[in-house]
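Survey of secondary and tertiary structure
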Amino acid sequence: MPTPKQFFGFEMGAEGKLAAFGPIKQYLSLLADGSPNLEYEVVGKTTEGEDFPVLRVSSPVNLSRLDHILDVNRRLADPAQMQREADRAGQSRDEYARNLAATSVPVYYIEAGIHSTEVGNTQALMDVAYRFATDRSAPIQNILDKMLILIVPSQNPDGHNKVIDYFNETAGTDFARVFPDLYQKYVGHDDNRDWFMFTQKETKIRVGLEQKYRPVVQHYMHWAGTNSPRIWSPPWDEPMSPTLDPLIIASSNSIGQAANRDLAAAGKTGAKTDDAYGIMWNADVMGYSTFQGTSTWLTEVAAVKDLAYTFTSDQVLNPSVATMRSPLPYDQKSWTLKQTVDYAKTALFSGLETVAGNPQQWLYNNTYLVNSHSETWAGGPYAYVISGNQRDPYAMYDLLRVLDFGKARIEQSTAAFTAGSTRYPRGSWILRTDQPMGRWIDQLLRIDEYPDSARKCDTCPLILPYSETTDNLGLLLGVDVDAIKDELTVGTRQVSGIEPVAPEFPRDPGRRGAYVLSPTSYGLGKVITVLEDANVPTFRAKARLAVLGRTLPPGAVLVPATPEVRRVLRTASAETGLPVYTVARIPKVKALKLKQTTRVGLVRGANNMPGGWLMWMFEQYGVDYQVVGADDYDGLAKKYDTIVLAPGVSTRTLTQGLDPARYPDRFHWARGVPDAPAKLAQFVKDGGNLVALGSASETARTALDLPLQNVTPTDRSTFTIPGALLKQRFNRQAPAAWGMPAEWPVWYNNDPAYRLTGTAQVAAAYPDTDGLLVSGYARGDSALKGATNVASFDVGKGHVTVAGGHITFRTWPRATWTVVTNAIYNGAAASLNPAQLQRSMQ
């Protein structure tokens, strides 16, 4: 078997050299063909159709009994099954679990390439794989005998292709060497922020591996900035989520400390622990598997210059001083790619040796004990109940889909019941927390109260998390979820394979009637685009409608009663769970007529993750969109009816963008256009519709001289709300807020908030009261009292809607996707009086 140098033509870590993903796949497959210790498997396809390979590593004996190992580990993680088996064996459950664990080995999961510009770790894994294939030393044989290792060489193969292919393409040129755009098609660097919503293909593959293999340890191999410690490992910084099993955290910290010791023993200076990466608060970055018994640990190796070239400073690089957290400081002014590879390998083998030293105890603790603890855990409520009567049935489906994908045990009541003081109808959903995934359920459904104890000492500053401060799924999606403290007694059936419930479809209302849909679901956006695709004339009522004994709020969708429309709506209703109503006569009401096809332009700029997430949402909802390029600004009105400015799009993004002299032609779409703000303003004045989200609201404000003043304080010592849910009041008469509840929390992350200085229609505002926080953390939130969040303006012949808050953040706050749908379609629509509506629908 060839060494990496023989196969790739250079050593891993060689200056200016990086192995591409195609040869990496070939090499790993070659090693597996030649070694009984390795098995290579492609377990799925990525977003852009690339292979997603994994490498199984263990002794031939363990690999031959893979099914047995996975079966035992699955059973160990199921407390109820363990009890049944122990009873049949006449043993205590703990004793039986220990004996069963002795017949298996733990799984150890290693993952690189999560962030595709952090290139050194995947390169290091080539050396690791070769060593496991050829090294017959006692330490390696002990690791192979004592565990099953699962290696994911790249969690984002598409990004590996983009980054390395671009790096190799630009060698010997004057172009910048680092890929300038999103290296995952939609989410870029946010690909490890998707670990509780499960939107991307790579996430779903990853979680499938976690569920199948149930690793006791996951090692995430990352890079950090060039001025970071040469390598960082746990112990983790504060805060710690109260939903986490202490055993998981203690075990993670112990691996990190052992790695720090072994790095020092190997003479690798500049290793550091603690005081960083407080990722153990939110489900998005701590990961799903943490809740099924996996101790996650992280290595963050300092990066080099332009991915593969020595980084040099005029000072000794960090950490340069001996402390309790970095006892062997670094003493050089340079740092090479070869060092990143060597440090990564030393830490990796340290973790493996730690677990190989007592494998059955790791298996017993993390797979059996952690899941057993969930039965008696008293940190959360007894259960969460989701009433079967929700204002948005599609949101309820979205929430249950996430929980079902995560293997939560979901029950549905077979009769009406009372819990607390609330009466719940038959068909309501129950999620008890005394189940193996009970802590995960609590993590996603609890109201987050950020701990004041997240400090180094009583008088030390509060430590804020690495990520956001809440991930409350019910509030994000717009679903009413109730925490039930006391035990429930109710008949239920267990449910899996969640699908939307198709409502009963109404009778044909006749040619003088119409079909009607409520505006109260964010799933309505899917129905609107389906109607567009079918060339169905679509209208929205400006006033409330009385329909079959119920009153629908302003914004109800009206469509003609034709056989083709009936066919289209029947399918859309079944796919979304949204009910369709009828009226015998076309209502005499003012309305909007939506364009037959609303052509949407998305301004995102290069490497803009919020814009990438919007692309994903647009495609899920069937929005007819294109990304606006630099060449489009001379004819915006000819191409687009609505233009959306993604959060993060600044005036600088528009006017400067990417320097075309530094990037190949295919990236020139993202170059700056000096008069882009003026051309956007003219687009609106000539009748176009502009929607600006999050920080891009400031870009729209300055380009169009909107009568707004940003009142968000900039002093973070007195004001910071780093990703939380705040109270919001909606003006449901405003078209931008049609279908929203009168009050519902919105996402906020130190975003713009406004005081009006002129005429506008306010669609959403923060209440003029103290205590705006609903879930998460907020300091100084009183500064937002009464501030406007969403407002619409008529400018010339056109229309503008701004949302200061990042209401589309990573697709999480889908309750406010309704606002986005409204702004895109209503703002480009034509107003009709009642007589015009009658004529248009007949």
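Please refer to the structure higher up on the page.
Residues numbered from 1 in each chain as written. Predicted model: local features only at pLDDT ≥ 70, side-chain atom pairs only at ≥ 80, totals over all residues. Heavy atoms only, no water.

**Topic: the overall build of the protein chain**
The following threshold applies: Secondary structure follows DSSP: runs of H or I at least 4 residues long count as helices, runs of E at least 2 residues long count as strands, and numbering of each begins at the N terminus. The globule rule used for comparison is 2.2 Å times the number of residues to the exponent 0.38, while the radius of gyration itself is calculated over C-alpha atoms. Summary of the burial criterion: residues with accessible area below 20% of their type's maximum are buried, those above 50% are exposed, and those between are partly exposed, where the area comes from a 1.4 Å probe applied to protein chains only. The contact criterion used is simple: two residues touch if any of their non-hydrogen atoms lie within 4.5 Å.
Secondary structure assignment for the protein chain yields 26 helices and 38 strands. Taking 2.2 N^0.38 as the reference for a compact globule, 842 residues should give roughly 28 Å; the C-alpha atoms of the protein chain span a radius of gyration of 28 Å, in line with that estimate. Taken along the three principal axes of its C-alpha coordinates, the protein chain extends 85 × 70 × 55 Å. Here the protein chain holds 842 residues, and 62% of them are scored as buried. When contacts within the protein chain are restricted to residue pairs at least 6 apart in sequence, long-range pairs at least 24 apart make up 79% of them.

**Brief notes about the sheet that holds strand E12 (residues 410-413)**
Across a sheet, strands are paired by hydrogen bonds formed along the backbone, either parallel or antiparallel in direction. Heads up, the rule is: Strand pairing requires that DSSP identify at least two bridges connecting the strands. Orientation is described by axes fitted as lines to C-alpha atoms, over the contacting stretch for helices, and by angles from 0 to 180 degrees between their N-to-C directions.
What the five strands build is an open sheet, ordered E16-E11-E15-E12-E17; its pairing is antiparallel. Looking at the sheet topology across the chains shown, the edges are occupied by strand E16 (481-484) and strand E17 (492-495). Between one strand axis and the next, the sheet turns through 30° on average, direction left out of account. Of the strand pairs in this sheet, E12 and strand E15 (residues 429-432) are connected by two bridges, and their pairing is antiparallel.

**Focus: the side chain of Gln 123**
In plain terms, the rule: Polar contact criterion, stated in full: a pair of N or O atoms within 3.5 Å, where within protein one must be able to donate a hydrogen and the other to accept it, and residues adjacent in sequence count only if both atoms are side-chain atoms.
Considering the arrangement of structural elements, one finds Gln 123 in helix H7 (residues 120-134). A distance of 2.8 Å separates the side chain of Gln 123 from the backbone nitrogen of Ala 19, its partner in a polar contact. For Gln 123, the contacting residues outside a window of four places in its chain are Met 12, Leu 18, Ala 19, Ile 24, His 160 and Val 341.

**Focus: the pairing of strand E34 (residues 761-765)**
Two elements, strand E31 (residues 729-730) and E34, share two bridges in a ladder whose sense is antiparallel. Residue pairing in the sheet places Arg 729 in a bridge with Ala 765 of E34. Relative to strand E36 (residues 788-795), E34 runs antiparallel, the two sharing four bridges. Across the sheet, residue Ala 764 finds its bridge partner in E36, namely Val 790.

**Looking at the pattern of salt bridges**
Counted only if it meets this: In the sections that follow, a salt bridge refers to a side-chain nitrogen of Lys or Arg positioned within 4 Å of a carboxyl oxygen of Asp or Glu.
Counted according to the given criterion, the structure contains 41 salt bridges. A salt bridge links Arg 75 to Asp 71; the shortest N-O distance between them is 3.0 Å. Placement of the pair is Arg 75 and Asp 71 together in helix H4 (residues 66-76), with a separation of four residues, close to one helical turn. Close ionic contact of Glu 210 with Arg 206 constitutes a salt bridge, the shortest N to O distance being 2.7 Å. Here Arg 206 and Glu 210 lie together in helix H10 (residues 201-213), a separation of four residues that amounts to about one turn. Of the residues examined, Glu 210 reaches a relative accessible area of 0% and is grouped as buried. Residue class for Arg 206 comes out buried when judged on its relative accessible area of 1%. Salt bridges here are not isolated pairs; linked through shared partners, they connect Asp 237, Asp 274, Asp 275, Arg 325 and Lys 456.

**Quick notes on the nonpolar core**
Note the threshold: We call a set of buried residues a nonpolar core when its members are Ala, Val, Leu, Ile, Met, Phe, Trp, Tyr or Cys and they connect through side-chain atoms within 4.5 Å of each other.
Ranked by size, the top nonpolar core spans 150 residues in total, and within it Trp 440, Leu 569 and Phe 618 carry the most contacts. The dominant element in this core, judged by the number of residues it contributes, is helix H15 (residues 393-405), at eight residues. Those residues in contact with Leu 569 that lie beyond four places of it in its chain are Phe 505, Tyr 515, Leu 517, Val 527, Leu 531, Val 559 and Val 580. Ranked by size, the runner-up nonpolar core spans 86 residues in total, among them Phe 8, Ile 24, Leu 31 and Leu 369.

**Regarding the packing of H4 against helix H5 (residues 79-89)**
Our working definition: Angles are sorted into four bins: roughly parallel if under 35 degrees, roughly antiparallel if over 145, roughly perpendicular if 65 to 115, and oblique for all others. Just so you know the grouping, Ala, Val, Leu, Ile, Met, Phe, Trp, Tyr, Cys and Pro go in nonpolar, Asp, Glu, Lys and Arg go in charged, and all remaining residues, Gly too, go in polar.
It is the contact of H4 with H5, at a shortest axis distance of 7 Å, that shows an interaxial angle of 100°. Here H4 lies roughly perpendicular to H5, going by the angle between them. Contacts between H4 and H5 involve Arg 74, Arg 75 and Leu 76 from the former and Gln 81, Met 82 and Glu 85 from the latter. Taken together, the residues that form the contact of H4 with H5 break down as two nonpolar, one polar and three charged.

**A look at unusual backbone geometry**
That bond from Glu 238 to Pro 239 is cis: its omega, 0°, falls within 30 degrees of zero. With a phi angle near 65°, Asp 274 is a residue other than glycine that sits in the positive phi range. Tracing the sequence through the fold places Asp 274 in the loop between strand E7 (271-273) and helix H12 (283-286). Accessibility expressed as a relative area gives 22% for Asp 274, which makes it partly exposed.

**Digging into the packing of aromatic side chains**
Our working rule: Each aromatic pair joins two rings of Phe, Tyr and Trp (for Trp, the six-membered one) with centres within 6.5 Å, and gets the label stacked for planes under 30 degrees apart, edge-to-face for over 60, and tilted for any other angle. A ring has a charge above it when a Lys NZ or an Arg CZ is no more than 6 Å from the ring centre and no more than 35 degrees off the ring normal.
This model, assessed by the stated rule, comprises 35 aromatic pairs. Judged by centre distance (5.9 Å) and plane angle (50°), the ring pair of Trp 232 and Trp 236 falls under tilted. Like Trp 232, the residue Trp 236 is buried in the burial classification. Of the aromatic side chains, those joined through ring pairs into one cluster are Phe 7, Phe 8, Phe 10 and Tyr 27. Directly above the aromatic system of Trp 195 lies the positively charged group of Arg 206, at a separation of 3.7 Å from the ring centroid. Here Lys 526 stacks its cationic end above the ring of Tyr 621, 5.4 Å away from the centre of that ring.

**Here we look at the pairing of strand E30 (residues 722-726)**
Burial analysis of E30 places five of its five residues in the buried class, the great majority of the element. The sheet contact formed by E30 and strand E32 (residues 746-749) spans four bridges and is antiparallel. In the strand pairing of E32, Pro 722 is matched with Asn 749.

**Considering the state of the cysteines**
Note on terminology: disulfide describes a covalent bond linking the sulfur atoms of two cysteines. Our working definition: To count as a disulfide, a pair of cysteine sulfur atoms needs to be within 2.5 Å.
Applying the stated rule across the entire model yields one disulfide. The partner cysteine of Cys 457 in its disulfide is Cys 460, sulfur to sulfur 2.0 Å. In this structure, the disulfide formed by Cys 457 and Cys 460 twists by about 100° around the S-S bond and is classed as right-handed.

**Some details on the sheet that holds E32**
An order of E32-E30-E35 is seen for the three strands of this open sheet, with the pairing classed as antiparallel. This sheet does not close on itself; its edge strands, each paired only once, are E32 and strand E35 (773-775). On average, adjacent strands in this sheet sit at an angle of 55° to one another, irrespective of strand direction. With two bridges connecting them, E30 and E35 associate as antiparallel partners. From the neighbouring strand, Leu 726 faces E35, where its bridge partner is Leu 773.

**With respect to the environment of Asn 142**
In this fold, Asn 142 is placed in helix H8 (residues 138-146). Considered as a pair, Asn 142 and Gly 357 are 215 residues apart in the sequence and their alpha carbons are 8.8 Å apart.

**With respect to helix H19 (residues 563-576)**
How we decide: A helix is expected to span 1.5 Å multiplied by its residue count minus one. It is the directions from the helix axis to the C-beta atoms whose arc is reported.
Over its 14 residues, H19 extends 20 Å from the first C-alpha to the last, a length consistent with the 20 Å expected when each residue adds 1.5 Å. Among all positions in H19, only Val 565, Arg 566, Val 568, Leu 569, Ala 572, Ser 573 and Thr 576 are buried. Taken down its axis, H19 places every buried residue within 165° of arc, on the same side. More than 90 degrees from the buried face of H19, the exposed residues found are Pro 563 and Glu 575. Phi for Gly 577, located one or two positions after H19, is positive at around 80°.

**Description of H8**
What H8 keeps buried is the set Ile 140, Ile 143 and Leu 144. One side of H8 holds all its buried residues, which, seen down the axis, span an arc of 95°.

**Here we look at the environment of Phe 196**
Inspection of the secondary structure assignment puts Phe 196 in the loop between helix H9 (157-169) and H10. Classification of Phe 196 as buried rests on a relative accessible area of 0%. Linking Phe 196 and Val 774, residues 578 residues apart in sequence, is a C-alpha distance of 20 Å. Contact partners of Phe 196, with chain neighbours within four places excluded, come to Ala 283, Asp 284, Val 402, Leu 444, Asp 471, Leu 473, Leu 476 and Trp 812.

**So, the environment of Gly 90**
Relative to the helices and strands, Gly 90 is located in the loop between H5 and helix H6 (93-101). Overall, the relative accessible area of 67% leaves Gly 90 in the exposed class. On a C-alpha basis, the gap between Gly 90 and Ser 35 in space is 42 Å, while along the polypeptide they are 55 residues apart.

On their own, these measurements won't tell you what the molecule is for.
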